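Residue strings, one per chain:
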Amino acid sequence: AQSVTQPDIHITVSEGASLELRCNYSYGATPYLFWYVQSPGQGLQLLLKYFSGDTLVQGIKGFEAEFKRSQSSFNLRKPSVHWSDAAEYFCAVGGPGTASKLTFGTGTRLQVTL
Amino acid sequence: DGGITQSPKYLFRKEGQNVTLSCEQNLNHDAMYWYRQDPGQGLRLIYYSQIVNDFQKGDIAEGYSVSREKKESFPLTVTSAQKNPTAFYLCASSMYGGETQYFGPGTRLLVL
C-alpha cells in the first residue's frame, strides 16, 4: 500500500530564511509525487510535481523539490521565504495504473515570522 | 476561466438530515474525486469517478453517496448514516488517466 509521511507537523521560519519541508513516501514502483499548498479555509493549489526525468523539479512561487529514490524522499525547498508563504503544505504520492488515486500526507503547517 | 466550483461554502446539517454538496468543473476533465479533510489527518478519499455513470468507493465511503450523470458535475450526499460529518470537503478533477488533480475551494459542513 502506498503511504506518505510528513514528519514535521509545524515549522516556524523567519522571513528571508531558507525552508525545507520533508516528505517520505512508500510506493511499490516509480512514484508520481506532488506538493500542494493550502491557505486557511481554501482548496489545494498545486506547487509542483515529479513524474520522471530530472530529479530536481521547479514549481511555482519559487519552490523546488528533489526526488531521491534511494531515500524515498521528495523534500520541498525554497531559498528565501516570504510572509505570504505561511500556509499548510501537503505531499502526495500516486502513479500510473492507480486510477489517479493519490495518497496524501498529514501536512506541515508553516509559520513565517517577520 | 476554467476551474472547479463548490457550493455552498458553508453548510449546516441537522440530525437525521441528508445534505448534498455540489461540485462542478468546466475543465473538460473526465475524472472527479471527493475528499474529506479533518485537522491533522490530511485528505482522505471518499468516492471517485473516472467516467460518466460510473464511480468507485474510496477509503471512507460509508455514510456518503454520489452520482455522476454529467461529465461536469459530481455531487456528494452526506447521509444521516454518517455520524461524524463535520469536516472540510474538497472536490478535485483530473484528465482520464491523468495523474494531476486540481482542487475546488471546498465546502465546510457543520452539524447543528
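This is a predicted model, so every value here is computed, not measured.

Draft legend 1. Up close: the overall build of chain A. Secondary structure summary: chain A contains 0 helices and 12 strands in total. Moving toward the C terminus, one meets the helices and strands of chain A in the order β-β-β-β-β-β-β-β-β-β-β-β. Here chain A has a C-alpha radius of gyration of 14 Å; the compact-globule value for 114 residues is 13 Å, and the two agree. Expressed as a percentage of its 114 residues, the buried residues of chain A come to 48%. Within chain A, residue pairs in contact and separated by at least 24 positions form 55% of the contacts whose partners lie at least 6 positions apart. When the accessible surface of chain A is totalled, it reaches about 5300 Å², and 49% of it is carbon and sulfur. With 9 positive and 8 negative side-chain charges, chain A shows a separation of 7 Å between the mean positions of the two kinds.

Draft legend 2. Highlighting the sheet that holds strand β3 (residues 19–25) of chain B. All names here are of chain B. The 4 strands lie next to each other as β1-β3-β8-β7, forming an open sheet whose pairing is antiparallel. In this open sheet, the two strands that pair with only one neighbour each are β1 (4–7) and β7 (64–66). Between one strand axis and the next, the sheet turns through 20 degrees on average, direction left out of account. Pairing of β3 with strand β8 (residues 76–78), which is carried by 3 bridges, proceeds in the antiparallel orientation. Bridging across to β8, Thr20 finds its partner in Thr77.

Draft legend 3. A nonpolar patch on the surface, seen in detail. Residue and element names in this part refer to chain B. Residues Tyr10, Phe12 and Leu112 make up a contiguous nonpolar surface patch of about 360 Å² in total accessible area. Following the sequence through the fold, Phe12 ends up in strand β2 (residues 10–13). Given a relative accessible area of 45%, Phe12 falls into the partly exposed group.

Draft legend 4. Focus on the pattern of salt bridges. Residues and elements named next belong to chain A. By the definition in use, this model includes 8 salt bridges over all chains. Where Arg22 meets Asp8, a salt bridge forms, and the shortest distance between an N and an O atom there is 2.9 Å. Taken together, the residues span a long stretch of sequence, with Arg22 in the loop between β3 (19–21) and β4 (24–26) and Asp8 in the loop between β1 (3–5) and β2 (10–14) at a distance of 14 residues. Using a relative accessible area of 19% as the deciding quantity, one classes Asp8 as buried.

Calculation criteria
Residues numbered from 1 in each chain as written. Chains lettered and ligands numbered in written order. Predicted model: local features only at pLDDT ≥ 70, side-chain atom pairs only at ≥ 80, totals over all residues. Heavy atoms only, no water. Helix = DSSP H or I, 4+ residues; strand = E, 2+ residues; numbered from the N terminus. Rg over C-alpha atoms; globule rule 2.2 N^0.38 Å. Buried < 20%, exposed > 50% of the residue type's maximum accessible area, 1.4 Å probe, protein only. Contact = heavy atoms within 4.5 Å. Areas by Shrake-Rupley, 256 points an atom, 1.4 Å probe, with all protein chains shown as cover. Lys, Arg positive; Asp, Glu negative; His and termini not counted. Charge placed at Lys NZ, Arg CZ, Asp CG, Glu CD. Pairing = 2+ DSSP bridges. Axes fitted to C-alpha atoms, helices over the stretch in contact; angles between N-to-C directions. Patch = residues over 30% accessible without salt bridge, like charges linked within 9 Å, V, L, I, M, F, W, Y side chains within 5 Å. Salt bridge = Lys/Arg side-chain N within 4 Å of Asp/Glu carboxyl O.

Nothing here speaks to function; it is geometry throughout.
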